[in-house]
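# Architecture at a glance
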Amino acid sequence: MISRLIFAMCGWLACHGALALTIEDGDAGFSYQFHTLRSSFTVINDSDKEIGPLSIKPANPLDRLAAAIPERLAPGQRAVIDVELRSEDDFGSRWHGFFVSSPASEKPLVARVRVYGLSVLEDPQQTFDFGIVEAGATPQLEYEIRSGDPRVRIKAVKETPVFLSARIADDGRKLIFKHAPASGWGRLDGLVKVTLDSPDQPEAWLRVISEVQGAVKPSTTIFSLGLARVGSDNEFILQYRRDGDKPFRIDSAVVDGIATKKVTIEACANGEQGCRQVRFLLDEEKQPKGQLRGTLKAHVADLDREILVVVGGLLVGKDTKIESLDSVMMAKNAPPTADKDLGLALKKLKSTEIDRPVEPATPPGEGPLLRWSVDNDGRVYAYAVYRADRADGPFALQPNFVRRSSVAREGVPSLYALRDTTAVTGKDYWYRIAMFYPDGKHEFLTGPQHVKATAGAGKEATKAAQ
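Residues numbered from 1 in each chain as written. Predicted model: local features only at pLDDT ≥ 70, side-chain atom pairs only at ≥ 80, totals over all residues. Heavy atoms only, no water.

### Some remarks on the overall build of the protein chain
Heads up, the rule is: Put simply, DSSP H or I for four residues or longer makes a helix, DSSP E for two residues or longer makes a strand, and each gets a number counted from the N terminus. We call a residue buried when its accessible area falls under 20% of the maximum for its residue type, exposed when it is over 50%, and partly exposed in between, using a 1.4 Å probe and counting protein chains only.
Check the secondary structure of the protein chain and you find five helices and 31 strands. Among the 466 residues that make up the protein chain, the fraction classed as buried is 42%.

Dropping the structure here:
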């Protein structure tokens, strides 16, 4: 998850560098979760000298190179790098990164391949929260599958975190989580892996969290370090208190996932006997800049219990400039002066060519031809078609996606067309157009549209403005 954030935030120069090697990112298209995809990106030698040896390594250990890479690149040479990507929990538009390095690069460049992850579950990112659980209690939670495909069932539970068990109920339509009594205290966060009876997706992850409260409680179970700068006083303190102000002893504490120079256990400044605190200092030399995410584990010797606290923040350079997202987007979207002048001139121009929508090319083949138009679809990533044999469904997602038009203009409808080449001639079908967004969510643009499949038949879906 950390690598995804870095790839999404980095600018073009940060990801691709400004040296002799440059990168053209790849696009693996659309895929359901837990599938392996083939794709590629391109490495280019823009210099007038040979570059090598070349080294390429995936950022995600589940991804890999699909073929041998050239050891060296001649001046001006373009090398297409074939890769295999594992779409485990990808949902929506996601980047998979590969580190590209050579003696010509001061630091590795990042090549990226985009995947749009789909799921047969309606909300694959749903979190199941036990809330506050008293130590020793064994509450239960139920999860009932919600899917556009009524055939989807849970076949088996493959993995569970140590703090819970899971069993299948209602013929695979439900999963019942049960909290374990002898678990750690604090913030518990884990993933349950299940196998699915689905032709589209073999497995799925389900996230479960809880906050277990025992006799000793931290001041928070989610400890934010905020924005930490290199060279600043990056020392942090977290306090623990025991019920009844009884004395207790923490005999060990460690921060997993974040580099620290030292971790000390001490009495609280107020002198309360039922209070202890853990103090730790970031190791700026060993900790990479970027998102900070780890777990502070403190062991209470008297009660033989480990308390878990999620720790997070962001480490930036000493002189890194931080801007608000609003200011960045305003600057990015503001047209240059010349463009503003051109825009004013175009507004005064009464040419019908300017306001005329761009007609899409007619898809080849035979089968129902679906056409639709959308106003202001700048937030949409792509469109897809759901098909059913009856007006009341069930509707199944069809494999062909249509990307949002790259020539969309404000105030001018975007026109789209898609042909269903898998339809059986003479059969009745009902179609619904869906809009997919970058975050993986989707909504329907139209209600059911009836079409009888005949060779070359077309059907225009109802126009809907966003």
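What follows picks up the thread again.
### Focus on the packing of aromatic side chains
So the rule is basically this: Between rings of Phe, Tyr and Trp, where Trp is taken as its six-membered ring, a pair exists when centres lie within 6.5 Å; planes separated by under 30 degrees are stacked, by over 60 edge-to-face, and by other angles tilted.
Under the counting rule described, the total for this entry stands at 18 aromatic pairs. Consider the rings of Phe30 and Phe401, whose centres lie 4.0 Å apart with planes at 10 degrees: the pair is stacked. Residue Phe30 is located in strand β2 (residues 26-32), and its partner Phe401 is located in strand β26 (residues 396-403); the two are separated by 371 residues in the primary sequence. Considering the side-chain rings of Phe223 and Phe236, the 6.5 Å spacing of their centres and the 85 degrees angle between planes classify their relative orientation as edge-to-face. Of this pair, Phe223 sits in strand β17 (residues 222-229) while Phe236 sits in strand β18 (residues 235-242), and the two are 13 residues apart along the sequence. With relative accessibility at 12%, the residue Phe223 sits in the buried group. Looking at Phe236, the relative accessible area reads 13%, which means it is buried. By the ring-pair criterion, three or more aromatic residues cluster together here, those being Phe30, Tyr116, Tyr381, Phe401 and Phe436.

### Regarding empty space enclosed by the protein
The condition that has to hold: Of the two site types, the cavity is a set of points on a 1 Å grid over the protein atoms alone where a 1.4 Å probe fits but cannot get out, and the pocket is an open set with protein on both sides within 12 Å along at least five of seven lines, each lined by residues with an atom within 4 Å of a point. Grid points are joined across faces, edges and corners, and a volume is the space filled by probe spheres set on the points. Residues were grouped as follows: Ala, Val, Leu, Ile, Met, Phe, Trp, Tyr, Cys and Pro as nonpolar; Asp, Glu, Lys and Arg as charged; and all remaining residues, including Gly, as polar.
In this structure the tally under the stated criterion is two cavities of 30 Å³ or more. Taken as a whole, the largest cavity encloses approximately 70 Å³ of empty space. Together, Val385, Gln398, Pro399, Asn400, Leu418, Arg419, Asp420, Thr421, Thr422 and Tyr431 line the largest cavity. Breaking the lining of the largest cavity down by element, the ones donating at least two residues are β26 and β27 (414-419). Along the lines of polarity and charge, the residues of the lining of the largest cavity split into four nonpolar, four polar and two charged.

### Examining the side chain of His179
The condition is simple: Here, two residues are considered to be in contact whenever any of their heavy atoms come within 4.5 Å of each other.
Tracing the chain through its elements places His179 in strand β13 (residues 174-179). Relative accessible area serves as the criterion here: at 1%, His179 is assigned to the buried category. Once residues within four sequence positions are removed from consideration, His179 is found in contact with Phe130, Val133, Ala137, Thr138, Pro139, Phe163, Leu164, Leu188, Ser210 and Val212.

### A closer look at the environment of Pro288
Assignment of secondary structure puts Pro288 in the loop between β21 (275-282) and β22 (290-300). Pro288 sits 29 residues away from Ala259 along the chain, and the two C-alpha atoms are 8.7 Å apart.

### Side note on unusual backbone geometry
At the junction of Gly52 and Pro53, the peptide bond is cis and its omega measures out at -5 degrees in the coordinates. Tracing the backbone through its elements, the reader meets Pro53 in the loop between β3 (35-45) and β4 (55-58). Cis peptide bonds are those with omega within 30 degrees of zero, and the linkage from Gly393 to Pro394 qualifies with 10 degrees. On the secondary structure map, Pro394 appears in the loop between β25 (382-388) and β26. Positioned with a positive phi, Asp170 is a non-glycine residue whose angle comes to about 55 degrees. Tracing the backbone through its elements, the reader meets Asp170 in the loop between β12 (164-169) and β13. Residue Asp170 is classed as partly exposed on the basis of its relative accessible area of 46%. The backbone phi angle of Asp304 is positive, close to 50 degrees, even though this residue is not glycine.

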